[in-house]
Amino acid sequence: MTLLRLEKVNVSYDALHVLRDVSLEIEKGTIVALIGLNGAGKTTTLKTIMGALRPTSGRILLEDDDIAQLPSHRRVEKGISLVPEGRELFYTLTVKENLLLGAYARRGDVEQGLRRVHELFPILKERQNQHAGTLSGGEQQMLAVGRGLMSDPKLLMLDELSLGLAPSVVDRLYETVSQINSQGVTILLVEQHVDLALKVADFAYGLEMGEVTFRRRSQDLLKDETIKKAYLG
Amino acid sequence: MAYVSAIPALFAFLYIANISLGPYEVFMMNLIGVYIIATVSLSLTNGYAGQFSLGHAGFMSIGGYIATILSFPVARKALLLSDLPPFLLHLELPFLASLLIGGAVAALVAAGVGLPVLRLRGHYLAVATLGMMVVVGALATNLIQFTRGPLGINGIPPYADSYWIYTWVIVTIFVMQRIVETKYGRSLKAIREDELAAASFGINVTRMKLFSFVVGAFFAGIAGGLFAHLITAIVPWTYSFVLTFDIVTMLIVGGMASISGSVIGAASLTILKQALKPVEEGLRIYGIVQLVIAVILIITMIKRPDGLLGHRELSLDMVMSLIRRHRSRGQLPISSP
Amino acid sequence: MSITAEYVVIQVINGLVIGSVYALLALGMNTVYGMLKLINFAHGSVVMVGAYVFLLAMLNLGSVTPIALVATLVAGGLVGYVLELAAYRRLRGKPEVSLLITSLGAYIFIENFVRVTLTSQPRPFLVIPELNILFDVYGITIRVVDIVVILSGIAISAAFVIYSKRAKSGIAIKATAENIRAASLVGVNVDRIIVLALVLGSVIAGFTGFVWGVKFGQIDPGMGFILGVKAFVAIVVGGIGSIPGAVLGGYIIGLAEMLSVGLLPPVYGGYRDGIVFFILIIALLVRPYGILGVKESVRV
């Protein structure tokens, strides 16, 4: 069953045409990766799904509901959540306040949401009264993901989770991402480190200069030599 | 400079205007000239360099007061300004010298204030320059031995006639063009667009910003001096925030980075202001003029923030294509091409 | 005038009174500034509107203070609401300078609107007898109004701080003021929160208009400008992006202003505004993000 579908979405930044006729399909319960070089339009795609950018044409369907003209906060209510590149935490607020804010548009029980996040990231419970700015990089990323989960999303989008983090921290983070997925959350992620992305994702879309170039199962991609050379060096 | 040929024509026009028009019309013409100088000089810092200064009235005040004190006839100084220190009490300089010194002092103040303040971002710069204007106003009100404080100085010799004013208009525009059309102007525009990028091109950002600020202040000082000798009186609140606001509106309406835009903005708004004044006087309701100006500014910011000309200059091509469009459409175009 | 201990205490009290006004104004301006990077110059004019509305209400709705106060608060909120909808909302996403210029235009508009519809002349404010009772504390004469102003300043500030920590909308305001993008990502209806912040700030500003009138006995349409600017100085000094910082900054500026006016020879009395700007320059050069502030780029 398709959770999210993009149909021929076009997006422009000022005069720059950054997404061209982008069409995607995300099946419920899967983990999908967007891979491509810098500037290909991956973050733009996530932002468009989230509502920070509006398409000039095309449809964005969440379970057959066209959300392309909805403002961001309404999309959160409908079950989409974005963990942005660079985390964008509220650094002057505490860990707990950040999480509570994540539940601002929550469709369910806030306490339950907190429990779930604390289970996945016990350190967040430990540090719940600390200001977000005092956490380490890895902890901040966990908080960002936790905050994204607080709205009980159907679709969780992750933009460059690994940015600035040590490999061991990143590995554990992605393990948790798999865990979250097994709890029923569909995941769409953008990740510079293609090997990481392909390890955790079921499917991958390739994006080049704002256009979708392929959709393949990640296990097939990992076996494909040309792709390996192009993206994995 | 293509317009050199127009200068004799301008002066001929001024001469004819002076002998055929009534005193009020001539005054209007002269007032427009002063506002042109003020607006064009503001466009250098605010428009081309992108440094939003709100202190222009402060520089005009400095220029106005200094030029007045220097040019005031010694005979009357003893009566009106008897508390001046002796060297000023017996000094009476020719008009040009007074103006130049007024402008120079304004420029010096700009240099001093600019150094710390120009490193600040957008609104911090705006508030800091606003503060400078407030301080200048406070000095004007409180240094009574120099300025007569709130009483102000009246009976200033009316040296500022059309020829003086428009000569300075030409000088100001000339200097502006010389700056804007050379590498200095390009540096300023680069700074406006992206300071870091400009610095990486080797542009000395601080020096250029200071340069535009100081030059702008100099001509503001000149405008202030001319203004004082035009209305023949000066009080501290002549040069208040309202004045800065009016000039900013003229700049925005005309086009922030356009010399011809500034001219058009200054001229049209001055005429509008003077036209509305009788309404205010007649109804005894003060504030109508400013209300209208404020509305014009807000609407311009929302609908057409680039003003009439934006970054372009009025050219023959522009006028010709406007006329062509008018002819082919059979109706007046609402916006310029 | 000899500087006695009593004199200093009186100046301190005056400083706290004025500081309360600045603190309340700074509160309102700070949240809006954080969200929109906009110095709402028009904020000062709301103070003036509040004062005049109170006066009008007292004169026309029967001299019932509570009713007049309600009218004042409503008027204040209304001005903020209209400002956002008519002007600021249409400039969302435009460069900072555009917002700055527009808020200046809004200030001039509001000041002259009052001039045109009401009066251009300064007006004596109503004397509310209860507030003018003098009393003696260790030989220092204080008026009730001083205590009322200082207390309401502290009370409203404290209430606002608590509101921004406990109430859902309050936390949303705080979060939006810190990072408007992140706020919209977590589902905050940013447009609505901005309106809320502006209206709240304007309501408080309207109240300070009443307070100002009672304390200083006279109001005029131009009184708002310098207040708005000083409130911004208070934010810079106390800390951009910090709600307690704004309050702290307000009191510091108020005290600095009154103490310098009181302690310097009278000939410098006319420079009280200049002194505030002097403090601004020092603050911007030495500690641009303020005492309690969050680091943001003040310098280029």
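Residues numbered from 1 in each chain as written. Chains lettered and ligands numbered in written order. Predicted model: local features only at pLDDT ≥ 70, side-chain atom pairs only at ≥ 80, totals over all residues. Heavy atoms only, no water.

## So, the overall build of chain A
Argument step 1. Along chain A, the regular secondary structure elements total 10 helices and 10 strands.
Argument step 2. Dimensions of chain A along its principal axes, counting C-alpha atoms only, are 45 × 40 × 35 Å.
Argument step 3. Looking at chain A residue by residue over its 233 residues, the buried ones come to 55%.
Argument step 4. Accessible surface, chain A: about 10,100 Å² in total, of which carbon and sulfur atoms supply 47%.
Argument step 5. Each charge class in chain A can be summarised by its mean position, and for the 29 positive and 31 negative side chains these summaries are 2 Å apart. (Helix = DSSP H or I, 4+ residues; strand = E, 2+ residues; numbered from the N terminus. Buried < 20%, exposed > 50% of the residue type's maximum accessible area, 1.4 Å probe, protein only. Areas by Shrake-Rupley, 256 points an atom, 1.4 Å probe, with all protein chains shown as cover. Lys, Arg positive; Asp, Glu negative; His and termini not counted. Charge placed at Lys NZ, Arg CZ, Asp CG, Glu CD.)

## Regarding the interface of chain B and chain C
Interfaces are frequently sized by the accessible area removed from exposure as the parts join.
Argument step 1. If you look at the interface, chain B gives 38 residues, while chain C gives 46 residues.
Argument step 2. Together, the buried faces of chain B and chain C total about 3,700 Å²; carbon and sulfur atoms form 78% of this surface.
Argument step 3. Broken down residue by residue, the surface that chain B buries against chain C is led by Arg121(B), His123(B) and Tyr124(B), which jointly contribute 19%.
Argument step 4. For the interface between chain B and chain C, the tally reads 0 salt bridges.
Argument step 5. Counting across the chain B and chain C interface gives 1 residue pair in polar contact (both at pLDDT 80 or more).
Argument step 6. Contributing elements (two or more residues each) for the side of chain B that touches chain C: helix H6 (95-117), helix H7 (122-142), helix H13 (241-254) and helix H15 (288-303) of chain B.
Argument step 7. Ranked by the residues each element gives to the side of chain B that touches chain C, the list is headed by H7(B), at 12 residues.
Argument step 8. Here the residues of the side of chain B that touches chain C are counted per class, giving 30 nonpolar, 5 polar and 3 charged. (Contact = heavy atoms within 4.5 Å. Buried area = accessible area lost by both parts, 1.4 Å probe. Salt bridge = Lys/Arg side-chain N within 4 Å of Asp/Glu carboxyl O. Polar contact = N/O pair within 3.5 Å; in protein donor to acceptor, adjacent residues only side chain to side chain. Nonpolar A, V, L, I, M, F, W, Y, C, P; charged D, E, K, R; others polar.)

## Here's the deal with the environment of Val145(A)
Residues and elements named next belong to chain A.
Argument step 1. Inspection of the secondary structure assignment puts Val145 in helix H6 (residues 137-149).
Argument step 2. Looking at Val145, the relative accessible area reads 1%, which means it is buried.
Argument step 3. Sequence-wise, Val145 and Arg87 are 58 residues apart; in three dimensions their C-alpha atoms are separated by 8.5 Å.
Argument step 4. Discounting residues that sit within four places of it in the chain, Val145 has contacts with Val83, Phe121, Leu158, Leu161 and Ile180.

## Notes on the interface of chain C and chain A
Argument step 1. Contacts between the two partners involve 19 residues from chain C and, on the opposite side, 18 residues from chain A.
Argument step 2. Both faces combined, the contact of chain C with chain A buries some 1,700 Å², and carbon together with sulfur accounts for 63% of it.
Argument step 3. Considering only the surface of chain C that becomes buried against chain A, Glu178(C), Leu185(C) and Val186(C) emerge as the three largest contributors, covering 37% of it.
Argument step 4. Glu88(A) is paired through a salt bridge with Arg181(C); the nearest N and O atoms lie 3.0 Å apart.
Argument step 5. Here chain C is connected to chain A by 6 residue pairs in polar contact (both at pLDDT 80 or more).
Argument step 6. Counting residues per element, the side of chain C that touches chain A draws most heavily on helix H6 (residues 168-178) of chain C, at 6 residues.
Argument step 7. Across the side of chain C that touches chain A, the residue classes break down as 10 nonpolar, 4 polar and 5 charged.

## Some points on unusual backbone geometry
Argument step 1. Within the chain, Asp21(A) stands out as a residue other than glycine whose phi angle is a positive 45 degrees.
Argument step 2. Take Asp21(A): it is sitting in strand E2 (residues 16-27).
Argument step 3. Judged by its relative accessible area of 44%, Asp21(A) is partly exposed.
Argument step 4. In this structure, Arg148(B) is a non-glycine residue whose phi angle is positive, near 65 degrees.
Argument step 5. Residue placement: Arg148(B) occurs in the loop between helix H8 (144-147) and strand E1 (153-154).

## A word on the sheet that holds strand E5 (residues 65-66) of chain A
Residues and elements named next belong to chain A.
Argument step 1. Read across the sheet, 4 strands follow the order E2-E1-E4-E5 without closing on themselves; strand pairing throughout is antiparallel. The open sheet has two edge strands, E2 and E5, and neither has a second partner.
Argument step 2. Two strands pair when backbone bridges link them, and strand E4 (residues 57-62) and E5 are joined in this way by 2 bridges, in the antiparallel orientation. Of the residues in E5, the one forming a bridge with Leu62 is Asp65.
Argument step 3. The sheet strands contacting helix H1 (residues 42-50) are strand E1 (2-13), E2 and E4, and the helix crosses E1 at an angle near 110 degrees. (Pairing = 2+ DSSP bridges. Axes fitted to C-alpha atoms, helices over the stretch in contact; angles between N-to-C directions.)

## Points about the arrangement of the chains
Argument step 1. If you rank the 2 pairs of chains in contact by how many contacts each has, first place goes to chains B and C.
Argument step 2. These two, chain A and chain B, are apart from each other, with no contact and a minimum C-alpha gap of 16 Å.

## Describing the nonpolar core
Argument step 1. The biggest cluster of nonpolar side chains holds 202 residues, and the ones touching the most others in it are Phe59(B), Leu226(B) and Phe41(C).
Argument step 2. In terms of residue count, the dominant contributor to this core is helix H1 (residues 5-36) of chain C (15 residues).
Argument step 3. Once residues within four sequence positions are removed from consideration, Phe41(C) is found in contact with Val127(B), Leu130(B), Leu100(C), Ser103(C), Leu104(C), Tyr107(C) and Val229(C). (Core = buried A, V, L, I, M, F, W, Y, C linked by side-chain atoms within 4.5 Å.)

## Let's talk about the sheet that holds strand E8 (residues 186-190) of chain A
Residues and elements named next belong to chain A.
Argument step 1. A sheet is described by the order of its strands in space; here 6 strands give the open sequence E6-E7-E8-E3-E9-E10, paired in mixed fashion. Every other strand in the sheet has two partners, leaving strand E6 (80-83) and strand E10 (211-217) as the edge strands with one partner each. Across this sheet, the average inter-strand angle for adjacent strands is 20 degrees, counted without regard to direction.
Argument step 2. By the bridge criterion, 4 bridges tie strand E3 (residues 31-35) to E8 in an arrangement that is parallel. In the sheet register, Leu34 faces E8, and the bridge partner there is Val190.
Argument step 3. Along the sheet, H6 makes contact with E6 and strand E7 (155-159), crossing E6 at roughly 170 degrees.
Argument step 4. Relative to E8, helix H7 (residues 167-182) is tilted by about 150 degrees, and along the sheet it contacts E3, E7 and E8.

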